[in-house]
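Listed below, chain by chain, are the residues.
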Amino acid sequence: MRKRNHRSTASRAAVAAVTAAVLGVTSLTACDASGGNSPGPKGSTAAKPSPKPTPAWDTSPRSVAAVGDSITRGFDACSVLSDCPEVSWATGTDAQVKSLAVRLLGKSRARTHSWNYARTGARMADLPAQMARAGAAKPELVAVMAGANDACRSTSKAMTPVAGFRADFEEALRQLRRAAPKAQVYVMSVPDLKRLWSEGRDNPLGKQVWKLGICSSMLADPDAMDAAAIARRDVVQQRVEAYNEVLKDVCAKDRRCRSDGGAVFGYRFDEDQLSHWDWFHPSRDGQARLAALAYRGVTAKEPLV
């Protein structure tokens, strides 16, 4: 062991002095950031210890709000052309579905600490208002699933432009942050509409229901395989993919937002997971699969990619 000397003692003293100064600046900065400006106790100059940083993502939130469209309302999962929120993947109470809220909070707490602000037919332009309502409830987690209706229009030309979709989603997050700045946001991707067409087109009943106007941009003339029909479906599919890129990109800019890494888009729904009323919306089993996907993403230590 080396002998101590005056030079090493002086160096340690200098390091200690610099460290103390940095801690002092850090303490002042943290106070300003939190909005506090009260003076410390008189006669005391000791720096307060910095608080432990909170994790950017809490895997066990204690309240859940849901926003979005007909999928989150359980549309056509229980009866024809009607909502069935009790089987919603996000906040439902159905034992078979075991919603995200039930999985996170338990049955009893889910009844009192989860809220569903989704609306059948909603598009991304409706999300800011839904987010404002959700934020007023001060949830710890907001589950988002929106965008299918922006692609499901009367024609492919009527689909929401990508730039408008982005602007609406950004505004939705701003609305939430005004009311609930610390709420976490979990964003589910838009489903693969082309796969839903492929799965349902062989069912005669489903095709009859599709004629009522369900996602005509993708589902109109389901048996047509001419060049124009194929091109139309491809345009819709490309728009869905672009929407999902927007959801991922905008969410990545918010440290309390996490996207599903394309889990919903990539899920291979089959006839068991599709409503037997319209062969397009998720059935009770499909809602349960969505709940499982959401729970996996929310409780993962790292974001899904």
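Going by the structure above, here's the rest.
Small disclaimer: the values here were computed from a predicted structure and weren't measured.

*Asks:* Residue-level account of the overall build of the chain, with values.
*Replies:* Of regular secondary structure, the chain possesses 12 helices and 5 strands. Sorting the 305 residues of the chain into buried and exposed places 45% on the buried side. If you take every contact in the chain between residues at least 6 apart in sequence, the share linking residues at least 24 apart comes to 73%. Surface exposure of the chain reaches about 16,000 Å², of which carbon and sulfur atoms provide 55%.

*Asks:* I'd like a rundown of the side chain of Ser259, residues and numbers included.
*Replies:* Turning to its location among the elements, Ser259 is positioned in strand 5 (residues 257–259). Given the relative accessible area of 16%, Ser259 is considered buried. With residues up to four places along the chain from it excluded, the contact list for Ser259 reads Tyr186, Val187, Lys248, Cys251 and Leu304.

*Asks:* Which residues make up the packing of aromatic side chains, and what are the values?
*Replies:* Inspection of every chain in the model, using the stated rule, returns 2 aromatic pairs. The interplanar angle of 10° and the centroid separation of 4.1 Å between the aromatic rings of Phe165 and Tyr243 together place this pair among those described as stacked. One end of the pair, Phe165, is in helix 6 (residues 162–179); the other, Tyr243, is in helix 10 (residues 227–252), with 78 residues separating them in the sequence.

*Asks:* Which residues make up helix 12 (residues 284–299), and what values go with them?
*Replies:* Along its 16 residues, helix 12 runs 23 Å from first to last C-alpha, staying within 8% of the 22 Å computed at 1.5 Å per residue. Regarding helix 12, the residues found buried are Gly286, Gln287, Ala288, Leu290, Ala291, Leu293, Ala294, Gly297 and Val298. Looking at the buried residues of helix 12, the elements they touch are helix 2 (100–105), strand 3 (141–145), strand 4 (184–187), strand 5 and helix 11 (263–266).

*Asks:* How would you explain the pairing of strand 1 (residues 64–68) if you had to name every residue and give the values?
*Replies:* Consecutive residues of a regular strand have side chains that alternate between opposite faces of the sheet. Strand 1 sits mainly inside the fold: 5 of its 5 residues count as buried. Burial along strand 1 is two-sided: the face carrying Val64, Ala66 and Gly68 and the face carrying Ala65 and Val67 are both buried. Sheet analysis places strand 1 next to strand 2 (residues 114–116), joined by 3 bridges and oriented parallel. Within strand 2, the position partnered with Ala66 by the bridge is Asn116.

*Asks:* A description of the packing of helix 7 (residues 193–200) against helix 10 should follow, citing residues and the corresponding values.
*Replies:* The description of two helices packed together rests on the angle between their axes and the distance between the axes. At a minimum axis separation of 8 Å, helix 7 and helix 10 run at an interaxial angle of 135°. Judged on the interaxial angle alone, helix 10 and helix 7 are oblique. Taken together, the residues of helix 10 that come into contact with helix 7 (itself represented by Leu193, Lys194 and Trp197) are Arg233, Asp234, Val236, Gln237 and Val240. Grouping the constituent residues of the contact of helix 7 with helix 10 by class yields 4 nonpolar, 1 polar and 3 charged.

*Asks:* Go over the packing of helix 6 against helix 10, please, and point to the residues and values.
*Replies:* Their axes nearest at 10 Å, the elements helix 6 and helix 10 cross at an angle of 30°. Regarding helix 6 and helix 10, the two cross each other, and that crossing is right-handed. Where helix 6 abuts helix 10, its residues Val162, Phe165, Arg166, Phe169, Glu170 and Leu173 lie against Arg239, Ala242, Tyr243, Val246, Leu247, Asp249, Val250 and Cys251. For the contact of helix 6 with helix 10, the residue count by class is 10 nonpolar, no polar and 4 charged.

*Asks:* A description of the environment of Ser99 should follow, citing residues and the corresponding values.
*Replies:* Inspection of the secondary structure puts Ser99 in the loop between strand 1 and helix 2. Along the chain, Ser99 and Val87 lie 12 residues apart, while their C-alpha atoms are 7.5 Å from each other. Apart from residues lying up to four places away in sequence, Ser99 is in contact with Ser88, Trp89, Ala90, Thr91, Gly92 and Ala291.

*Asks:* Give a description of unusual backbone geometry that names residues and reports values.
*Replies:* Positive phi is not limited to glycine here, since Asp76 has a value of about 65°. Following the sequence through the fold, Asp76 ends up in the loop between strand 1 and helix 2. When its relative accessible area of 0% is taken as the criterion, Asp76 is described as buried. A positive phi angle is found at Cys215, which is not glycine, with a value near 45°.

*Asks:* Can you explain the sheet that holds strand 3? Please cite residues and give values.
*Replies:* What the 5 strands build is an open sheet, ordered 2-1-3-4-5; its pairing is parallel. Whereas interior strands pair on both sides, the edge strands pair on one side only; in this sheet they are strand 2 and strand 5. Geometrically, the sheet is characterised by an average inter-axis angle of 15° between neighbouring strands, direction not taken into account. Pairing of strand 4 with strand 5, which is carried by 3 bridges, proceeds in the parallel orientation.

*Asks:* Tell me about the pattern of salt bridges, and name the residues and values.
*Replies:* All told, the structure shown has 12 salt bridges when counted by the stated rule. With a shortest N-O distance of 2.9 Å, Arg177 and Asp254 are connected by a salt bridge. In this pair, Arg177 is assigned in helix 6 and Asp254 in the loop between helix 10 and strand 5, connecting sequence segments 77 residues apart. According to the relative accessible area criterion, Arg177 is buried, its value standing at 18%. Connected through shared salt-bridge partners, Arg166, Asp249 and Lys253 make up one network.

Calculation rules
- Numbers given for residues are sequential positions, taken from 1 along each chain in its written order.
- Owing to the predicted nature of the model, reporting of local features is limited to residues with pLDDT of at least 70; listing and counting of side-chain atom pairs is limited to 80 or more, with chain, interface and lining totals taken over all residues.
- Neither water nor hydrogens contribute to the side-chain values; these are computed over all heavy atoms in the structure.
- A run of H or I in DSSP counts as a helix once it spans at least four residues, and a run of E counts as a strand once it spans at least two, with each numbered from the N terminus.
- Here's how the labels work: a residue is buried when its accessible area is under 20% of the maximum for its type, exposed when over 50%, partly exposed in between, all with a 1.4 Å probe on protein chains only.
- Should any heavy atoms of two residues lie within 4.5 Å, those residues are considered in contact.
- Using a 1.4 Å probe, accessible areas were evaluated by the Shrake-Rupley method; residue-level cover was limited to the displayed protein chains.
- Pairing of aromatic rings covers Phe, Tyr and Trp, the last through its six-membered ring, and needs centres within 6.5 Å; plane angles under 30 degrees mean stacked, over 60 mean edge-to-face, and all others mean tilted.
- The span expected for a helix works out to 1.5 Å for each residue beyond the first.
- Should DSSP find at least two bridges between two strands, the strands are regarded as paired.
- Angles shown run from 0 to 180 degrees and are taken between the N-to-C directions of axes, each axis being a line fitted to C-alpha atoms and, for helices, limited to the stretch in contact.
- For classification purposes, an angle smaller than 35 degrees is called roughly parallel, one larger than 145 roughly antiparallel, one from 65 to 115 roughly perpendicular, and anything else oblique.
- When residues are grouped by polarity, Ala, Val, Leu, Ile, Met, Phe, Trp, Tyr, Cys and Pro land in nonpolar, Asp, Glu, Lys and Arg in charged, and all others, Gly among them, in polar.
- A crossing counts as left-handed when the near helix is turned anticlockwise from the far one by less than a right angle, and as right-handed when that turn is clockwise.
- By definition here, a salt bridge exists when the distance from a side-chain nitrogen of Lys or Arg to a carboxyl oxygen of Asp or Glu is within 4 Å.

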